[in-house]
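Analysis of the macromolecular model
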Amino acid sequence: MDKTAALVIIDVQNDFCPGGSLPVPEGDKVLPVLNRYIELFRAKRLPIFASRDWHPARTGHFKAYGGIWPPHCVEETRGAEFHPDLQLPLQVIVISKGMDPAKDDYSAFNGISEQHIPFPEMLKILGISHLYVGGLATDYCVKETVLEGLRQGFSVTLLEDAVRGVDLKPGDSEKAMAEMTELGADTTTFTALEQHR
Ligand code: VGL
Ligand code: ZN
C-alpha cells in the first residue's frame, strides 16, 4: 500500500447483518476481518471511508414503491446504524448514499460526505488512486462501487476475506467476483496484504 491508497468499507450496517431487515448471510463475519484492515490503514495513516445505505422511508428502491427490496437502512433508524462491532476510527469519512427516492444508488461513488462533498471529489482532494474495498453486499453495493472505481480509472483491490453477498440467486456473489476481476480488479486477503506491505 502506498500513499495513494484508501480503505473503503461498504454498508456494514445493522440491517444487512443477521437480525436486520435485509440480512446478508454471514454478513457479520466481515466484522473481525474489517477491524484488522482498519487497524492496518490507521497505522499507515491512510484514509478510511465507510459508506452507508441511507434511504428515505418511501423510495422506489423498496418493494412497496416499485423496487425489489424490503425496507432497510431507513435514515436515522437503528437498522441504518453501522454495526456496533465495527471499530471505525474517529477520522472515518462517512459516505451516505441512496437518499434519492427515484434511484437505487448501489455505488458509493454516488454518495456524499457529511459535509456534502461527493465521494469522487473527496478521493481527488486526498490524492487517492487505489481503493481497497470490502463490506456488504458483494453482489450489489460492493460490486457497483468496484466497477465504478475501475471505470473512473482507479486501481481497485477487492478484500475477498471481508465481503459477503446477498445471493438472491445462488452464485450471484461468485459471478460478481468474477466480473470484478475480469474488468481489472485485484484481490487480496489480510494475510497477503500484511506480508506485502
Ligand atoms: C445493498 C441491496 C439493497 C447493498 C443496498 O448495500 O449492497 N443491497 N440496498
Ligand atoms: Zn438499499
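Residues numbered from 1 in each chain as written. Chains lettered and ligands numbered in written order. Predicted model: local features only at pLDDT ≥ 70, side-chain atom pairs only at ≥ 80, totals over all residues. Heavy atoms only, no water.

1. A closer look at the environment of Pro101
For the record, the criterion: Numbering goes from the N terminus for both helices and strands, where a helix is a DSSP run of H or I of at least four residues and a strand is a run of E of at least two. We call two residues in contact when some of their heavy atoms are within 4.5 Å.
Tracing the backbone through its elements, the reader meets Pro101 in the loop between β3 (93–97) and β4 (112–113). Sequence separation between Pro101 and Phe82 is 19 residues, and the spatial gap between their C-alpha atoms is 21 Å. Setting aside chain neighbours within four positions, we find Pro101 in contact with Pro56, Arg58, Thr59 and Gly60.

2. What to know about the site of ligand 1
Spelled out, the test is: Any residue with a non-hydrogen atom lying within 4 Å of a molecule or strand is treated as near it. Polar contacts, as counted here, are pairs of nitrogen or oxygen atoms within 3.5 Å of one another; within protein the pair requires one atom able to donate a hydrogen and one able to accept it, and residues that are adjacent in sequence qualify only if both atoms are side-chain atoms. Accessible areas in this description were obtained via Shrake-Rupley with a 1.4 Å probe; residue shielding takes into account the shown protein chains only. In the cavity and pocket records, a cavity denotes points on a 1 Å grid over the protein atoms alone where a 1.4 Å probe fits but cannot get out, a pocket denotes an open set with protein on both sides within 12 Å along at least 5 of 7 lines, and lining residues are residues with an atom within 4 Å of a point. Occupancy of a cavity or pocket is assigned to a molecule whenever over half of its atoms lie within 2 Å of that pocket's grid points.
Near ligand 1 the following residues occur: Asp11, Phe16, Asp53, His61, Trp69, His72, Tyr106, Leu136, Ala137, Tyr140 and Cys141. Asp53 places a side-chain nitrogen or oxygen 3.0 Å from a nitrogen atom of ligand 1. Within the backbone of Cys141, one N or O atom sits 3.0 Å away from an oxygen atom of ligand 1. Here ligand 1 loses 100% of its free accessible area of 260 Å² to cover by the protein chains. Structurally, ligand 1 is housed in the largest cavity.

3. Notes on empty space enclosed by the protein
Over the atoms, a rolling probe the size of a water molecule traces out where space has been left empty. The condition that has to hold: Grid points are joined across faces, edges and corners, and a volume is the space filled by probe spheres set on the points.
A full pass over the atoms with the stated rule returns 1 cavity of 30 Å³ or more. Taken as a whole, the largest cavity spans an internal volume of roughly 100 Å³. Every residue lining the largest cavity is counted, 13 residues in all, and those nearest its centre are Phe16, Leu22, Tyr106, Tyr140 and Cys141.

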